[in-house]
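# Structural overview for review
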Amino acid sequence: MTEEPRLSARELIERLEPALSRARRIRAVTALLTGLSGTVFMAALWGGEPGPLPGRTQVMFALLTAVCLAWAGYGGWLLMRRVPLFAADRVIAAWIALAASLVTTAALAVLAVRRGTGLVPVLAAGGLFVAAALVLAVRAHARRAALLRRARELARTHPSPPRTHTSED
């Protein structure tokens, strides 16, 4: 009678999904390439101006470049990780989206107030983006919590065997 070795919850999960799925790899590459191309585009626009830009314009260029770099960093991190960590990738992406939509909406609202143009359309459009990002963040946190709860259940039902240290001296 052969007995299967007992695996810890982490080892069991790693066996189930040893690498990123094709869809996640595509999303990671898309985030990386989109972030890099956005960064290059923003840098080309910013650096290609013939004269000095107003301070507000430079701040907006810097913010948009930072958002692009965040997405590129996220895509690169996900590709290098190669293994999803209990939906942490979704949580990070949702927070990037939420931060970007909040900052962009706030900056555009300040600009609309300073110019005396319509604040309502800016807040309506920005509010839609913020709401969508918030829904994604809540869903990502819920998914992560469910996966962590399942991992704890697996750890309780399949405890890892005690490890003994053997020396090859």
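In short, a report on the structure. (Residues numbered from 1 in each chain as written. Predicted model: local features only at pLDDT ≥ 70, side-chain atom pairs only at ≥ 80, totals over all residues. Heavy atoms only, no water.)

## Side note on helix α4 (residues 88–115)
Taking 1.5 Å as the rise per residue, α4 with 28 residues should run 40 Å; its terminal C-alpha atoms sit 40 Å apart, in good agreement. One or two steps after α4, the chain reaches Gly-116, where phi turns positive at roughly 80°. (Helix = DSSP H or I, 4+ residues; strand = E, 2+ residues; numbered from the N terminus. Expected span 1.5 Å × (residues − 1).)

## A short note on the side chain of Ser-101
As for its placement among the helices and strands, Ser-101 is situated in helix α4. Other than its neighbours up to four places away in sequence, Ser-101 contacts Phe-129, Val-130 and Ala-133. (Contact = heavy atoms within 4.5 Å.)

## Some thoughts on the environment of Leu-64
Within the secondary structure layout, Leu-64 lies in helix α3 (residues 55–81). Taking the relative accessible area as the measure of exposure, Leu-64 reaches 34% and is therefore partly exposed. (Buried < 20%, exposed > 50% of the residue type's maximum accessible area, 1.4 Å probe, protein only.)

## So, the nonpolar core
What tends to happen in soluble globular proteins is that the nonpolar side chains get buried as a cluster. Counting 6 residues, the largest nonpolar core consists of Ala-28, Ala-31, Tyr-74, Leu-78, Ala-93 and Ile-96. Listed by contribution, the elements that provide at least two residues to this core are α2 (22–47), α3 and α4. With sequence-adjacent residues up to four places away left out, Ala-28 is seen in contact with Gly-75, Leu-78 and Leu-79. (Core = buried A, V, L, I, M, F, W, Y, C linked by side-chain atoms within 4.5 Å.)

## Brief notes about the side chain of Thr-39
By secondary structure assignment, the location of Thr-39 is in helix α2. For Thr-39, a relative accessible area of 14% gives the class buried. From its side chain, Thr-39 meets the backbone oxygen of Gly-35 in a polar contact 2.8 Å long. Residue contacts for Thr-39: discarding those within four places in its chain leaves Thr-65, Cys-68 and Leu-69. (Polar contact = N/O pair within 3.5 Å; in protein donor to acceptor, adjacent residues only side chain to side chain.)

## Description of the packing of aromatic side chains
Within this structure, the stated rule accounts for 3 aromatic pairs. When the centroid spacing of 5.8 Å and the interplanar angle of 85° are considered together, the rings of Trp-71 and Tyr-74 count as edge-to-face. Highlighted residues: Trp-71 and Tyr-74, both in helix α3, separated by 3 residues, approximately one helical turn. Owing to a relative accessible area of 25%, Trp-71 belongs among the partly exposed residues under this scheme. You can call Tyr-74 buried: its relative accessible area is 10%. Taking 6.4 Å as the distance between ring centres and 35° as the angle between the ring planes, the aromatic pair formed by Tyr-74 and Trp-77 counts as tilted. With Tyr-74 and Trp-77 both in helix α3 and 3 residues apart, this pair spans about one turn of that helix. For Trp-77, a relative accessible area of 32% gives the class partly exposed. (Phe/Tyr/Trp six-rings, centres within 6.5 Å; stacked < 30°, edge-to-face > 60°.)

## Some details on α3
In this model, α3 (27 residues) spans 38 Å end to end at C-alpha, consistent with the 39 Å of a helix rising 1.5 Å per residue. Each element contacted by the buried residues of α3 is listed here: α2 and α4.

## Focus: the pattern of salt bridges
Following the criterion strictly, the structure yields 2 salt bridges and no others. For Arg-150, the salt bridge goes to Glu-153, with nearest N and O atoms at 3.3 Å. Linking Arg-150 with Glu-153, this pair stays in helix α5 (residues 119–157), spanning 3 residues, or about one helical turn. Relative accessible area serves as the criterion here: at 32%, Glu-153 is assigned to the partly exposed category. (Salt bridge = Lys/Arg side-chain N within 4 Å of Asp/Glu carboxyl O.)

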